[in-house]
Amino acid sequence: MAETLLSGLVTGSALALAALGISLIFGVADIANFAQGPLLAFGAMLGWWLTAEAHLPYLAALLVVIAATACLGAAIERVAVRPLMNAPRITVLLATVAVGIVLDRVTQLVFSPETRVLENPFPAWTFAFGGVHLDFFDAAIPAIAAATAGLIAFFLARTKLGRAIRASAQDPDAARQMGVDVAAMQSLAFALASSLAGIAGMLAGTYYGNVEPAMGTSLGMAGFAAAALGGLGRLGGAVLGGLTLGVVQNLGVTLFGGAELQVITFAAVVVAFWLRSRRTATDAGASGAAFFGRRALAPPLRPALIAVLVGALFAIPLLCGPYVLRVAGEIAIYATLGLSLTLVAGTCGTISLGQVGLFAAGAYASALFEKDLGWTFWCAAPAGAAVAAVLAAVAIAPVAKLGGQELAIATFAIGATIVALLLNLDALTNGPLGISNIPPPSFFGHAVVSARDDYLLAAAAFIACLIVVGRLQASPLGLAWRALRDDAGAAAASGVHPAAYTSLAFAIGGGIAGLAGALLTAQYLYLSPDIFDADTSVLALTIVVLGGFGNVWGALLGATVLVGVPEAFRPLHDYRILAYGLALLALVRFRPQGFLGYR
Amino acid sequence: MNANLSRARFLAALGTTALAACSGSRGGGAGAASVVRFGVSGPFSGDDANYGRVWRAAMDLAADEINRSGGLHGRPLELVYEDTQSDPRQSVVVAQQFADDPSILVELGDFSSAASIAASPVYERAGLVQFGFTNSDPKFTAGGEYMFSTATSVRADARIIAKRAARIGRRHAVVFQDTVWGKSASSAYAASAKELGVDVVSVQNYLPDTKDFHAVLGNVRAANPDVVVYYSYYTDGALLARQARDVGLTARSVTTGACYNQQFIALGGPAVDGFVLPVEFFAADPRPAVRRFARAYETRYHEVPDLFAGFAFDAVRIAAWAAVDGGFTRSGVRDAFATGTRIPSIVDGPFHFGADRRSARSSERWLVIRNGGFTLWNDA
């Protein structure tokens, strides 16, 4: 027991280091920086190259890594964040996602995707403590984490520069009037946080024993979880969150097994957010507007436009071959997933980064209804959608009142928990083995299996969802949602109960996400946990943001670009994902309101 | 007004692009008829890109050798690599792209069973052989008549390992990565151990991207096993070995061919010394075909070919043989795979596919890691 706690504290110190940079950026720039994970990996790989290939001493290499990641952070701020200073925060979040995609691929191209040894240069003294053998570095890493947090906290609280950084974050206009260069301060904050990522990447790599470009994904996620656990934006909280998470992870793995790691990690975050949201006053509307920016009303759905869309979608099979239809089928499925967020984010003014959980729940539920209960697709798909709707209302809606980026992180954690459960609820989901040989939908005796049939099914479902969402937006219910989005207090005063209406939006959105999942099942006829990852949630959000918030047509346009572009870039081979990331960054930069959004 | 105008322009541009995408045809010029093309669907970027890199190296080597010696009945061979990141979302689309392109005779890959199985219905409908040469999941070859694999089925592999491990000790622990492969392999192992009357005292799983194994290995140590069997890839396997020393685990270690890679030793250092593993492919194998391949690979890439390199090299040659034998048609290739009796292979020697469309493999070679190198393990 003492042993588990002790090694949990060492593990937790590595996570605390990863959490520090995330919390710092959130605290001083109010940005959930999704590029932090890729920065960790870059720092770690550069550290490997400097020590192993350039034969620099460890400490000299660490200094170079700090300098390099700081410059990189400043560059990210200049290219991706500063131009969006006046854009809604959600756009900035997406810009950091795009930067992360680019940076991950660059790290892989520069250092090759191989795993490398990062030698531990510290003395090999070991202390035996119970059954644990701690070496010098194990004992040093908690001290390093605490000292780093202390130094940064001192810098922010006591120095003039640190105070200027905080002032720029709290009230940019006032800071500017006091003669503070706000842009420079934000740049400095990014440099500082990024160098923390560099330190964390190199030290965590030393602790684990090896480094690889792909390590940013899991370490970044764990860092986010730790930062969220400790309360985003608080440096002490990041350290405490890291240590807590380390201990909880080690205890959980000891009791339940290593494959439960993600469930344990994200369930801990979800519980923390649930507890916190009970203490938070309802202010979803107020922060929602700040997060998304104010939007003009979406234009009503015109029957003529729908008729044109129906005509166009059904004309595609006459013009295009199976390959294009396969891509178009995927686009229709992800456009439907996007629609589930159009309602929640664009209309009601809250956000979900957990749509992958509902997408997966709908897919698995419909597959199980078909395989185990022998239902037809036409019964199983709506039933799967219903399961996702209930899950959305029960799991995600309770945190909805957190609002803003906190809500984004909370829903992200819920989605990740649901996906992690797919792997661990063996009895139901078959665990990593997945569900295969799912019968295809049968349309009056005709099996829906070809690229054309799959596309037509997905396109028809998309149109149905489009009409439902369009009608809901134009209905009195839609008016109530928009009232909530624009001013929650006023809406509540006129009888629109925020929690009930928000839950309803989440449930309907969840149902649509679940239906998209059922369509995916019909297309693949095979499900495994690998199919669903947190990136899918980010993709769904990107689709609606790029398409234009609250505009049902935006979901189609966003999905066409985001699913279609990686396919269109295939001739670029090795540079395909890099080009995709750059294109995404450019879109966010030059059209922050989305294609069909209004400034 | 302005917003509307730019929106209209944007939509027009998008429409033009979509039309161009619809009407554009892929591949196929006038001279293309004589070229033989194989599609390769694999992780050339993303988290599994290190395996994709090895695939491409070994496959390029095989294709270049074939082309230097006059091609396939005089026709040059071209490999069409498409990156899927081993993501089912992309492997299905790539499958359709290969299926639509009549010049593609056979498909190789994907790397993960999940990416392959999701794409199987598309290949099956197109009558295109999907040669998932690394897909050890029994469900893969059960997915259709066109799915073939040379990866050892997890059941046969488990029997081999359990038998040998039972001679080392009677208290076994199993540590596996919680993937399709690790999960089915560890259950198969438990079944084999039961047949042999061996005690499995601890079964521990972990997520493939785990870096910190102290808690998992603490559980193993608490069960006090004589032998620990690791179902791991070389990266996680090396970390497990290093951290096993941290927690004071001293049992003998057995792993699988997935750790047959010089990187396993480079990453694990002294901690992997004494590990034993059964392999299907061994670069220092004295058989001439293997020697030739290993030398050519080392000359060109300055590294020792690993298990996946051997399989990837073999896969291209097997597919090339089938293309010639099947008269350069898709159905001919399928027949060659299904009915060929002496298919050339550097891994297995001449072999044939069994009724389950997997190679019927009987050879068993064990390696041990000593003094920082793999050597044949001759202890009886």
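Not measured: the values here are computed from a predicted model.

Topic: the overall build of chain A
- Each helix and strand counted, chain A has 25 helices and 6 strands in total.
- Whereas a compact globule of 599 residues would reach a radius of gyration of roughly 25 Å, chain A reaches 24 Å, a difference of no more than 12%.
- Taking the principal axes of the C-alpha coordinates as reference, chain A spans close to 75 × 60 × 50 Å.
- Relative to its 599 residues, chain A shows a buried fraction of 64%.

Quick look at the overall build of chain B
- The helix and strand inventory of chain B stands at 13 helices and 12 strands.
- The globule rule puts the C-alpha radius of gyration for 380 residues at 21 Å, and the 23 Å found for chain B is close to it.
- For chain B, the proportion of its 380 residues judged to be buried stands at 56%.
- Counting contacts in chain B only where the partners sit at least 6 residues apart, residues at least 24 apart contribute 68% of the total.

Things to note about the domain arrangement of chain B
Residue and element names in this part refer to chain B.
- Segmentation of chain B into domains returns domain 1 (33–152 + 289–339) and domain 2 (154–279).
- Listed as interface residues are 9 residues of domain 1 and, on the opposing side, 12 residues of domain 2.
- The residue inventory of the side of domain 1 that touches domain 2, partitioned by class, reads 3 nonpolar, 3 polar and 3 charged.

Structural notes on the interface of chain A and chain B
- Contacts between the two partners involve 62 residues from chain A, matched on the other side by 57 residues from chain B.
- Considering only residue class, the side of chain A that touches chain B consists of 29 nonpolar, 22 polar and 11 charged.

Notes on the sheet that holds strand 3 (residues 104–109) of chain B
Residue and element names in this part refer to chain B.
- Strand order in this open sheet of 5 strands is 2-1-3-4-5, and the pairing throughout is parallel. Sheet topology places strand 2 (77–83) and strand 5 (147–148) at the edges, where each strand pairs with a single neighbour.
- As judged from the 7 bridges shared by strand 1 (residues 36–42) and strand 2, these two strands associate in the parallel manner. Note on strand 2: the bridge partner recorded for phenylalanine 38 is leucine 79.

Here we look at the domain arrangement of chain A
Residue and element names in this part refer to chain A.
- Taken domain by domain, chain A consists of domain 1 (2–256) and domain 2 (299–568).
- Domain 1 and domain 2 are separated by 34 Å when their C-alpha centres are compared.
- Tallying the contact residues gives 11 residues for domain 1 and 9 residues for domain 2.
- When residues of the side of domain 1 that touches domain 2 are traced back to their parent elements, those giving at least two are helix 4 (89–111) and helix 9 (215–229).
- Counting residues per element, the side of domain 1 that touches domain 2 draws most heavily on helix 4, which supplies 6 residues.
- Grouping the constituent residues of the side of domain 1 that touches domain 2 by class yields 9 nonpolar, 1 polar and 1 charged.

Focus: the nonpolar core
- Ala18(A), Ala225(A), Ala226(A), Ala392(A), Ala413(A), Val106(B) and Ala319(B) are the most contacted members of the largest nonpolar core, which has 351 residues in total.
- Residue contributions to this core peak at 17 residues, all from helix 8 (residues 182–208) of chain A.
- For Ala226(A), the residues in contact, after removing those within four places along its chain, are Leu15(A), Ala16(A), Ala18(A), Ala19(A), Ala238(A), Gly241(A), Gly242(A) and Leu245(A).

Considering the environment of Lys139(B)
- Structurally, Lys139(B) can be placed in helix 5 (residues 138–141).
- Taking the number of C-beta atoms within 10 Å as the measure of exposure, Lys139(B) has 21 and is therefore buried.
- Each C-alpha atom of the pair Lys139(B) and Ala185(B) lies 13 Å from the other, and the pair is 46 residues apart in sequence.
- Every residue in contact with Lys139(B), bar those within four places of it in the chain, is listed here: Ser436(A) and Ile117(B).

A few points about the pairing of strand 11 (residues 365–370) of chain B
Residues and elements named next belong to chain B.
- Judged from the 4 bridges that link them, strand 10 (residues 276–279) and strand 11 form a sheet pairing that is antiparallel. Along strand 11, the bridge assignment pairs proline 278 with tryptophan 366.
- Bridge count for strand 11 against strand 12 (residues 373–376) is 4 bridges, and the pairing is antiparallel. Its bridge partner lying in strand 12, isoleucine 369 is registered against phenylalanine 374.
- Following strand 11, the chain reverses through 2 residues before pairing antiparallel with strand 12; asparagine 371 in that reversal takes a positive phi of roughly 50°.

Points about helix 12 (residues 307–325) of chain B
Residue and element names in this part refer to chain B.
- Over its 19 residues, helix 12 extends 27 Å from the first C-alpha to the last, a length consistent with the 27 Å expected when each residue adds 1.5 Å.
- Within helix 12, 16 of the 19 residues are buried, which leaves it mostly tucked inside the rest of the structure.
- A positive backbone phi angle near 65° is found at glycine 327, which sits one or two residues after helix 12.

Quick word on the packing of helix 5 (residues 136–158) of chain A against helix 8 of chain A
Residues and elements named next belong to chain A.
- The contact between helix 5 and helix 8 brings their axes to 11 Å, and the two run at 165°. Overall, the two elements helix 5 and helix 8 adopt an arrangement that is roughly antiparallel. Classified by chirality, the crossing of helix 8 by helix 5 is left-handed. In contact with Phe137, Ile141, Ile144 and Thr148 of helix 5, helix 8 contributes Ile199, Leu203, Thr206 and Tyr207.
- Class assignment for the residues of the contact of helix 5 with helix 8 results in 6 nonpolar, 2 polar and no charged.

Remarks on helix 9 of chain A
Residues and elements named next belong to chain A.
- With 15 residues, helix 9 ought to run about 21 Å at 1.5 Å a step, and its terminal C-alpha atoms sit 21 Å apart, in line with that.
- Summarising burial for helix 9: 15 of the 15 residues are buried, a large majority.
- Positive backbone phi, approximately 95°, marks glycine 231, located one or two places after helix 9.

Some words on unusual backbone geometry
- Cis geometry marks the peptide bond from Gly109(B) to Asp110(B); its omega dihedral reads 10°.
- For Asp110(B), the location among the structural elements is in the loop between strand 3 and helix 4 (113–126).
- Of note in the backbone geometry, His55(A) takes a positive phi value of approximately 55° without being a glycine.
- Within the secondary structure, His55(A) is located in the loop between helix 2 (36–53) and helix 3 (58–81).

Comments concerning the environment of Arg276(A)
All names here are of chain A.
- Within the element layout of this structure, arginine 276 appears in helix 11 (residues 261–279).
- For arginine 276, a count of 15 C-beta atoms within 10 Å gives the class partly exposed.
- The sequence separation of arginine 276 and glycine 489 amounts to 213 residues, and the corresponding C-alpha distance is 21 Å.

Thoughts on the environment of Pro43(B)
All names here are of chain B.
- In this structure, proline 43 sits in the loop between strand 1 and helix 2 (49–68).
- Considering only alpha carbons, one finds proline 43 and valine 368, 325 residues apart in sequence, at a separation of 30 Å.
- If near-sequence neighbours (up to four positions away) are discounted, proline 43 is found in contact with Asp48, Ala49, Tyr51, Gly52, Thr84, Gln85, Ser86 and Phe111.

Concerning the packing of helix 14 (residues 322–347) of chain A against helix 23 (residues 534–547) of chain A
All names here are of chain A.
- Running from N to C, helix 14 and helix 23 point in directions that differ by 70°, and their axes come no closer than 8 Å. Viewed along their axes, helix 14 and helix 23 adopt a mutual orientation that is roughly perpendicular. For the pair helix 14 and helix 23, the contacting residues are Tyr334, Leu337, Gly338, Leu341, Thr342, Ala345 and Gly346 in the first and Leu539, Ala540, Leu541, Ile543, Val544 and Gly547 in the second.
- Of the residues belonging to the contact of helix 14 with helix 23, the class tally is 9 nonpolar, 4 polar and no charged.

What to know about the confidence of the model for chain B
All names here are of chain B.
- This prediction gives chain B a mean pLDDT of 88; 91% of its residues lie at or above 70.
- Note on residues 1–33: pLDDT under 50 across the span, and 16 contacts to partners over four residues away in sequence or across chains.
- Reported confidence for the predicted complex is 0.86 by ipTM and 0.86 by pTM.

Digging into the confidence of the model for chain A
- Residues at a pLDDT of 70 or more form 95% of chain A, whose mean pLDDT is 87.
- The low-confidence segment residues 282–288 of chain A, where pLDDT is below 50, has 28 contacts with residues more than four positions distant or belonging to other chains.

About the cut-offs
Residue indices follow the written sequence of each chain, beginning from 1 at its first position. As they are written, the chains are lettered A onward and the ligands numbered 1 onward, keeping that order. With pLDDT at 70 or above as the cut-off, local features in this predicted model cover only qualifying residues; side-chain atom pairs require 80 or more to be listed or tallied, and sums for whole chains, interfaces and linings still use all residues. A run of DSSP states H or I qualifies as a helix once it reaches four residues; a run of E qualifies as a strand once it reaches two. Both are numbered from the N-terminal end. As defined in this context, the radius of gyration uses C-alpha atoms, and a globule is described by 2.2 Å times the residue total to the power 0.38. Backbone-placed C-beta atoms define the burial measure: a residue is buried with 20 or more other C-beta atoms within 10 Å of its own, exposed with 12 or fewer, and partly exposed in between. This entry defines residue contacts through backbone-placed C-beta atoms, with two residues in contact when those atoms are within 7 Å. Residue ranges assigned to each domain were obtained from an automatic or database domain assignment. Throughout, the ten residues Ala, Val, Leu, Ile, Met, Phe, Trp, Tyr, Cys and Pro are labelled nonpolar, Asp, Glu, Lys and Arg are labelled charged, and all others, Gly among them, are labelled polar. The pairing criterion is simple: DSSP has to find at least two bridges between the two strands. Residues enter a nonpolar core if they are buried, belong to Ala, Val, Leu, Ile, Met, Phe, Trp, Tyr or Cys, and are joined to the set through C-beta atoms within 7 Å. Multiplying one less than the number of residues by 1.5 Å gives the expected span of a helix. Fitted lines through C-alpha atoms give the axes, limited to the stretch in contact for helices. The angle between two N-to-C directions lies from 0 to 180 degrees. Relative orientations are named as follows: roughly parallel for angles under 35 degrees, roughly antiparallel for angles over 145 degrees, roughly perpendicular for angles from 65 to 115 degrees, and oblique for any other angle. Each helix crossing is assigned a hand: it is left-handed if the near helix lies turned anticlockwise from the far helix by less than a right angle, otherwise right-handed if that turn is clockwise. For every residue, the pLDDT score states the predictor's confidence, bounded by 0 at the bottom and 100 at the top.

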